[in-house]
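Inside the fold
So you can see what is in the structure, the chains are spelled out below.
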Amino acid sequence: MKRSPDEAGSAGAVAAQGPTVFLPIEGMTCASCVRRVERAIAGASGVAAADVNLATERARIAFAGRDADIAPVVAAVAEAGYSVAVETSRFAVDGMTCASCVARIEKALRAVPGVIAASVNLATGEALVQHAAGTVDAAALVAAVERAGYGMRPLDGVAAGGAEATDRRDEEARLLRRDVALAAVMTLPIVIVEMGAHLFSDFHHWVMATLGDLNWPLQFALTAAVLALPGRRFFAKGVPALVRGAPDMNALVVLGAGAAFLYSSVATFAPALLPAETTHVYFEAAAVIVTLILVGRYLEARAKGRTGEAVRRLVGLQPRTARVLRDGTEQEIAIGAVAAGDTVVVRPGERIAVDGEVLDGRSFVDESMITGEPVPVAKEAGAEVVAGTVNGTGSFTFRATKVGAETLLAQIIRMVEAAQGAKLPIQGLVDKVTAWFVPAVVAVASATFLTWLALGPDPALSFALVNAVAVLIIACPCAMGLATPTSIMVATGRAAELGVLFRKGDALQSLRGVRTVALDKTGTLTEGRPSLTDLVTAEGFDEAEVLGLLASAEARSEHPIA
């Protein structure tokens, strides 16, 4: 189809602007819809021009600046009565250590044209990216994060809490445990010698008489080993972050521990370069910083492993294989190979593999994991069955209706993961503070250096360096960025173990104000299994005799309450 000169000019104007994004628009039915959507988009913040096509149901949007922020566009389209088709992609992120990493990755993801919102969770190591359907390639998102200095890969399948994630976290915890032990063994002698000499004069005299001039060189050797071996991880990530001009918590460790080590090394091997009254060593500070941060990282890794256990248990409710009728014979196949429409055979005591509808046979199924009801439910032809529930003593066949990520169990797992990865409203404030924490510390240290250099006594340079290093050491670093997401993971994980599922993470924050919980008649709170609490006999019957008769009647019964 040929364009008119006006249309061609409009297209040229669109192309001449900044980034161009194509958005799928839903709900348009006529030309007036097109004009309405165009006006709505054109009025959104940052939009230079818009061109909407009714046939393809797509809008071509040119932005005025370098960034393509489509969140205002999506809101404007919704306010006009239409909608933008939105997809959510989930990724695993590697290399994050603090809240400044979170802020940096979120900024990189939002800068990708077509991205509406991005949420990165430090505790789970995951990123949720909302983007216009069909407009953003996963490779472009991964590349943006890699340019920011981190690693990212798409998460496929039902849950992130599977075997691969478990193995990765277990390996991380194992390496951290090894490094903590190594760092502690090398740091302890430094702390004992240096701090003990400050606390006890007799011990100080003993150290000087025993080690003499070898005291500081030995501390130097042990501290160098701490920084080079267990502390290597901080320098491997912190130094590139400093080079990029985007310091994170690793960079703070590098600055604090590195400055303490370098200053102490000068005091040890070239003391003439420093004022006599400032010739001190801080080797214990450098070594203790690395050791304590490693201990914190190890505890974080353990917490992540424990809180992810709830999701892994839910994943474990789904069997790995299913018995399917194909070509008239029973075949045991992997759960991932089961297709909708397959006829699945369930034997007594087995877990049901996928959602479906009973074709023939009769049994009782324990659905307490879904309903909370302890009494098994009778199943016969036409009844629905749910993946993860447990068959009783009977056998039946059913037709698979929902498989893979469509089953109810998979949806529950995704809901728990979404709640664990959610950001509470209060975390927005925490993220803002921690995102500026590292730059603020560096700025304060720089200001301290310049102030002492300008106003301090001679030798001003030496005093300025000493005090700037002191600021870096004292401020290095905090765990504010992990406090909120870790507490969410612990709470939702423990709740899932107890059978309580949170659909949204912010429900936890709202729950703090709850004083009364009201349940209607359908709300079921049970222990998950029936039990005999009281036995009341009619007049004329002996309790022991009645109990014996009941026991003999129950002995050969297959009834669920028997």
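Residues numbered from 1 in each chain as written. Predicted model: local features only at pLDDT ≥ 70, side-chain atom pairs only at ≥ 80, totals over all residues. Heavy atoms only, no water.

What counts is decided by this rule: UniProt positions are given in the numbering used here, feature names are shortened, and annotations may be inferred rather than shown by experiment.
As annotated in an unreviewed UniProt entry, the protein chain carries the name ATPase, P-type (Transporting), HAD superfamily, subfamily IC and comes from Chelatococcus sambhunathii. Regarding the protein chain, the relevant UniProt record gives this comment under Subcellular location (unreviewed entry): "Endomembrane system". Its UniProt record gives the protein chain the following Sequence similarities (unreviewed entry) comment, quoted word for word: "Belongs to the cation transport ATPase (P-type) (TC 3.A.3) family. Type IB subfamily."

What about the overall build of the protein chain?
Stated formally: Going along the chain from the N terminus, every DSSP run of H or I of four or more residues is numbered as a helix, and every run of E of two or more is numbered as a strand. Under the scheme applied here, a residue whose accessible area is under 20% of the maximum for its type counts as buried, over 50% as exposed, and between as partly exposed, the area being computed with a 1.4 Å probe on protein chains only. Any pair of residues with heavy atoms lying within 4.5 Å of one another is described as a contacting pair. Surface exposure here means Shrake-Rupley accessible area, sampled with a 1.4 Å probe, where a residue is shielded only by the protein chains that are shown.
Across its full length, the protein chain holds 19 helices and 16 strands. Relative to its 562 residues, the protein chain shows a buried fraction of 41%. Sequence-distant contacts, at least 24 apart, represent 69% of the contacts inside the protein chain between residues at least 6 apart. Looking at the protein chain as shown, the accessible area adds up to about 29,500 Å², and 59% of this sits on carbon and sulfur atoms.

With respect to the pairing of strand E2 (residues 47–53)
Quick note on the threshold: Being paired, for any two strands, means DSSP has found at least two bridges between them.
Looking at chain direction, E2 and strand E3 (residues 58–63) are connected through 6 bridges and run antiparallel. In the sheet register, Ala49 faces E3, and the bridge partner there is Ala62.

Quick look at the pattern of salt bridges
In plain terms, the rule: For this document, the term salt bridge refers to a Lys or Arg side-chain nitrogen within 4 Å of an Asp or Glu carboxyl oxygen.
All told, the structure shown has 13 salt bridges when counted by the stated rule. Residue Glu106 is joined to Arg110 by a salt bridge in which the shortest nitrogen-to-oxygen separation is 3.5 Å. With Glu106 and Arg110 both in helix H4 (residues 99–110), this residue pair falls 4 residues apart, about one helical turn. Taking relative accessible area as the criterion, Glu106 reaches 8% and is therefore assigned buried. With relative accessibility at 41%, the residue Arg110 sits in the partly exposed group. Between Arg323 and Glu350 there is a salt bridge, with the nearest N and O atoms lying 2.9 Å from each other. Of the two residues, Arg323 sits in strand E9 (residues 321–326) while Glu350 sits in the loop between strand E11 (343–346) and strand E12 (355–366), which places them 27 residues apart along the sequence. One salt-bridge network, in which partners are shared between bridges, spans Arg323, Glu330, Arg347 and Glu350.

What about the confidence of the model for the protein chain?
To keep it simple, the criterion reads: The quantity called pLDDT is the predictor's confidence in a given residue, expressed from 0 to 100.
When pLDDT is averaged across the protein chain, the result is 79; 83% of the residues are at 70 or more. Within the protein chain, helix H1 (residues 5–16) has the poorest average pLDDT of any element, 42, and strand E14 (residues 384–385) the best, 94. Every residue in residues 1–16 is under pLDDT 50, and counting partners more than four places away or in other chains gives 10 contacts. A low-confidence stretch, residues 157–162 stays under pLDDT 50, and its non-local contacts, those more than four residues away or across chains, total 21 contacts.

Thoughts on the sheet that holds strand E5 (residues 86–94)
Applicable threshold: In this analysis an axis means a line fitted to C-alpha atoms, helices contributing only their contacting stretch, and an angle means the value between N-to-C directions, from 0 to 180 degrees.
Strand order in the open sheet formed by 4 strands is E6-E7-E5-E8, and the pairing between neighbours is antiparallel. The strands lining the two open edges of the sheet, one partner per strand, are strand E6 (115–121) and strand E8 (151–154). When strand polarity is set aside, the average angle formed by the axes of neighbouring strands in this sheet is 25°. Bridge count between E6 and strand E7 (residues 126–132): 6 bridges; the pairing is antiparallel. Considered in E7, the bridge of Ala118 is made with Val129. Each of E5, E6, E7 and E8 is contacted by helix H5 (residues 138–147), which is oriented at about 165° to E8, the strand it contacts most.

So, the UniProt feature "transmembrane region" (unreviewed entry) in the protein chain
As annotated in UniProt, the feature "transmembrane region" (unreviewed entry) corresponds to residues 180–200, 206–229, 250–274, 280–299, 433–455 and 461–484 in the numbering used here. Structurally, residues 180–200 comprises 95% helix and 0% strand, and the distance from its first C-alpha atom to its last is 28 Å. Between the end C-alpha atoms of residues 206–229 there is a gap of 30 Å, over a span that is 79% helix and 0% strand.

Description of helix H10 (residues 249–269)
This is how it is decided: Take the residue count of a helix, subtract one, and multiply by 1.5 Å to get its expected span.
Compared with the 30 Å implied by 1.5 Å per residue over 21 residues, the 30 Å span of H10 between its first and last C-alpha is a close match. Most of H10 is tucked away, with 17 of its 21 residues classed as buried.

Here we look at the packing of aromatic side chains
The criterion, for reference: Two aromatic rings, drawn from Phe, Tyr or Trp (for Trp, its six-membered ring), form a pair once their centres lie within 6.5 Å of each other, and the interplanar angle then sorts them: stacked below 30 degrees, edge-to-face above 60, tilted otherwise.
Per the stated rule, a full pass over the model turns up 6 aromatic pairs. A centroid spacing of 5.0 Å and a plane angle of 85° characterise the contact between Phe220 and Phe269, whose relative ring orientation is edge-to-face. Highlighted residues: Phe220 in helix H8 (residues 215–228) and Phe269 in helix H10, separated in sequence by 49 residues. Seen from their ring centres, Phe396 and Phe398 are 6.3 Å apart, and the 45° between their planes marks the pair as tilted.

Description of the environment of Gly43
Relative to the assigned elements, Gly43 resides in the loop between helix H2 (31–42) and E2. The exposure class assigned to Gly43 is exposed, which follows from its relative accessible area of 65%.

Some remarks on a nonpolar patch on the surface
As a reminder, the rule being used: By definition, no residue in a patch forms a salt bridge, and every one has over 30% relative accessible area; like charges are joined within 9 Å, nonpolar side chains (Val, Leu, Ile, Met, Phe, Trp, Tyr) within 5 Å.
On the surface, Leu450, Leu453, Leu461 and Leu465 cluster together into a nonpolar patch covering about 360 Å² of accessible area. Elements that contribute at least two residues to the nonpolar patch include exactly helix H15 (425–455) and helix H16 (460–475). For Leu450, the location among the structural elements is in helix H15.

With respect to the packing of H8 against H10
Threshold: Any angle from 65 to 115 degrees is called roughly perpendicular, while one under 35 is roughly parallel, one over 145 is roughly antiparallel, and all others are oblique. By convention the crossing between two helices is left-handed if the near helix lies anticlockwise of the far one by an angle smaller than a right angle, and right-handed if it lies clockwise.
Close contact between H8 and H10 brings their axes to 10 Å; oriented N to C, the two are set at 155°. Classified by the angle their axes make, H8 and H10 are roughly antiparallel. When the axes of H8 and H10 are compared, the crossing they make is left-handed. For the pair formed by H8 and H10, the contact residues are Trp216, Pro217, Phe220, Thr223, Ala224 and Leu227 on the first element and Ala257, Phe261, Ser265, Ala267, Thr268 and Phe269 on the second.

A word on the environment of Val129
Along the chain, Val129 falls in strand E7. Accessibility expressed as a relative area gives 0% for Val129, which makes it buried.

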